Amino acid sequence: MNALWVSRMSAYKYSPLSIETAKKIIGLKIVRQKVLLAKYAKTTASSSIGFKNSIGEILLEEARMAQKFWQEFGKLLSKELDFPGRKPRNNDITNRLLDIGYHHLSNVVRQILKRLEIPTPLALIHVARTARSEPLAYDLVEMFRADIVEAEVLKFLRLKKKKPEHIENEIAHFLHEINERLEKKYYLKDFKTCHMYRYYIEIQILKFVKAVNHKQVFEPVKLPKRHESRCDVDART
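Presented here is a report on the structure given in the accompanying data block. (Residues numbered from 1 in each chain as written. Predicted model: local features only at pLDDT ≥ 70, side-chain atom pairs only at ≥ 80, totals over all residues. Heavy atoms only, no water.)

## Quick look at the pattern of salt bridges
When charged atoms on two side chains of opposite charge get close, those side chains can pair. The final tally for this structure, using the stated rule, is 14 salt bridges. In this structure, the salt-bridge partner of Lys29 is Glu142, at a minimum N-O distance of 3.0 Å. Of this pair, Lys29 sits in helix H2 (residues 16-38) while Glu142 sits in the loop between helix H5 (135-141) and helix H6 (145-158), and the two are 113 residues apart along the sequence. Judged by its relative accessible area of 10%, Lys29 falls in the buried class. Among the charged side chains, a network of salt bridges with common partners joins Lys29, Glu62 and Glu142. (Salt bridge = Lys/Arg side-chain N within 4 Å of Asp/Glu carboxyl O. Helix = DSSP H or I, 4+ residues; strand = E, 2+ residues; numbered from the N terminus. Buried < 20%, exposed > 50% of the residue type's maximum accessible area, 1.4 Å probe, protein only.)

Next comes the structure, spelled out in structure tokens:
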């Protein structure tokens, strides 16, 4: 285990910096969910995440915003799907696809952290529930869920002319579409060029690691709120 990282992360977790960084992570999650809804001409409530002063307050605000988001998300789905709201491990097709997508995306984050030799048991927002839990991966994946998983679940189900009868027959195709999203290019203003979403994930994780190592507040890279046609041109050359 990376003892130096554990020491630095432990100190960071119990410093005021952890609150500010947690607000950045959850704040970005909320922004990307708003961007997703806006693509379907939907809006949600304004967030007061920036005014929270503890992890508990941040989690309460996250829950409030999540309730609003899933209400609007559900309105974009066919009533035939009978979406009950976000319920992990529920048997309805929407929640099952969300679970599968989140697990797949979390593995992408875990692989990056493993390659960077960053231990995952210690985190700012999530806590380990079992010996195999990896709360740091769960913290960081929050920033990417809307762009990759929630966006694909919406598109995937809205394109279906009727409710899929057997989810098992859809999983391979669904994960293929998730991977396609990870390869999609976005214009990153910080770098003044287009990069694949996988690269964007790695950059965010590296910036988080740097913030902890240098005792700074994490400042995430921002994605454009609209589609960047210049990246389509870049992808064809």
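## Describing empty space enclosed by the protein
Applying the stated criterion across every chain, the model contains one cavity of 30 Å³ or more. If you add up the space inside the largest cavity, you get close to 30 Å³. As for the largest cavity, its lining consists of Ile30, Gln33, Lys34, Thr44, Met65 and Phe69. Among the elements of the structure, H2 and helix H3 (55-75) are those that each provide at least two residues to the lining of the largest cavity. Take the lining of the largest cavity: its biggest share by element is three residues, from H2. Of the residues that constitute the lining of the largest cavity, the class distribution is three nonpolar, two polar and one charged. (1 Å grid on protein atoms, 1.4 Å probe; cavity = no way out; pocket = protein on both sides within 12 Å on 5 of 7 lines; lining within 4 Å. Points joined across faces, edges and corners; volume = space filled by probe spheres on them. Nonpolar A, V, L, I, M, F, W, Y, C, P; charged D, E, K, R; others polar.)

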